[in-house]
Amino acid sequence: MKSISKVASGIAPSATLAITALAKEMKAKGIDVIGFGAGEPDFSTPANIKCAGVKAIVEDKSYYTPSSGILPLREAICEYMDKTFGLKYKPGEICVKAIKMAGGVPVIVETTEESRFKISPAQLKAACTEKTKCIIMTNPSNPTGMLYSPDEVRALSKVISDEDIYVIDDEIYAFLTYSGEFLSFAAVSEDMKARTIVVNGVSKTWAMTGWRVGFCAANPEIAKAMSNYLSHSTGNPSNAAQFAAAEAYSGEQESAKAMREEFKKRRRYFVDRVNAMEDVSCLEPDGAFYIFMNVKKTFGNTIAGVKIESSADFCKALLEKGLVATVPGNAFGADGYVRWSYATSMENIKEGLDRLEKFLKS
């Protein structure tokens, strides 16, 4: 029997979902595990959005939609992008989707804690070759929560323009910023807007991870190509989910703002607790809902009877001995770190950090 393609066999399982699955398996056995793995808000989807989804089902919104998404949703996205980020798009430049494509050869640009896990214009320029097509940015970042300042975005934009490449700008956490000012690459200039493919969605801002609705905003040529591709693959995202997403973008925003304020409080508590402990530390994130904890000082030590040589060792021992589920930094190319998601209750955060403190002392 012939083997499957190299592309399919080369896809590694998600480390985040793997640790979450193991934690759930332990919970199913009656073990009291606290999970900080998945980047999934612990809030309920706001009631007005759920009602919009139910209404769409009742009204028989059960059929195919345009491959690029229903017009009311694309119009709502355009209005939201203009009102929230000052970006003006037409519905024809918006492509609603539920998939991701692969095929390029990625070049990793390493960052450090000293640079707040952000790349410099010089690093970007050095990494570009004649084969470079685009750069992928996540701003604010997962897993670090760091935000590129407007000046940093402008400096990187100059390199992108000079090198005549595109930028795929993942802005899924753009609303969830607590310090600093967010600036989209698409807002720098008309040239950069044409070079930028904005990626965003409803998952994080409105606690809608399971609805699986996201979108891209791009110049008309790219948007049309994406729409054509989708017409031959997924066809369209769930019809009812699109009407719910339209309500998310066009409806009241107080629920989203309240969630952001709660995340901000959790962030402050988390950072203070971690930095008060021995052998671990973290930077204060600017956005998203992650703490990227430095565990390098634990390497070579024995904790709870386990020799720690890597972030994977640390996470495995913390899960099995401390009953706390986190994600090893090597899943993100940073082996000296561990990612915690504070998209969980303050009660869980307090108990989880108590367990971490006890684990480190054992």
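Residues numbered from 1 in each chain as written. Predicted model: local features only at pLDDT ≥ 70, side-chain atom pairs only at ≥ 80, totals over all residues. Heavy atoms only, no water.

J.: An account of unusual backbone geometry is requested, with residue identities and associated values reported.
T.: Of all residues except glycine, most have a negative phi; of all peptide bonds, most are trans. At the junction of Asn-139 and Pro-140, the peptide bond is cis and its omega measures out at -5° in the coordinates. Relative to the assigned elements, Pro-140 resides in the loop between strand E3 (134-138) and helix H6 (150-162). Following Asn-142, the chain continues to Pro-143 via a peptide bond in cis, the omega torsion being 25°. Among the secondary structure elements, Pro-143 is positioned in the loop between E3 and H6. Phi is positive for Asp-164, which is not a glycine, with a value near 55°. Overall, Asp-164 belongs to the exposed group, its relative accessible area being 57%. Positive phi outside glycine occurs at Ala-304, with the angle close to 50°. Within the secondary structure, Ala-304 sits in the loop between strand E9 (302-303) and strand E10 (306-307). (Helix = DSSP H or I, 4+ residues; strand = E, 2+ residues; numbered from the N terminus. Buried < 20%, exposed > 50% of the residue type's maximum accessible area, 1.4 Å probe, protein only.)

J.: Break down the pairing of strand E4 (residues 166-170) for me, citing the residues and quoting the values.
T.: By the alternation rule, side chains of E4 split into Val-167 and Asp-169, which are all buried, and Tyr-166, Ile-168 and Asp-170, of which none is buried. In this sheet, E4 lies alongside E3 in parallel orientation, the contact comprising five bridges. What sits directly across from Cys-134, in E4, is Tyr-166. Traced from E3 through H6 to E4, the parallel crossover comes out right-handed. Judged from the four bridges that link them, E4 and strand E5 (residues 196-201) form a sheet pairing that is parallel. When the bridges of E5 are listed, Asp-170 appears paired with Val-199. (Pairing = 2+ DSSP bridges. Right-handed = clockwise from strand over helix to strand, strands pointing away.)

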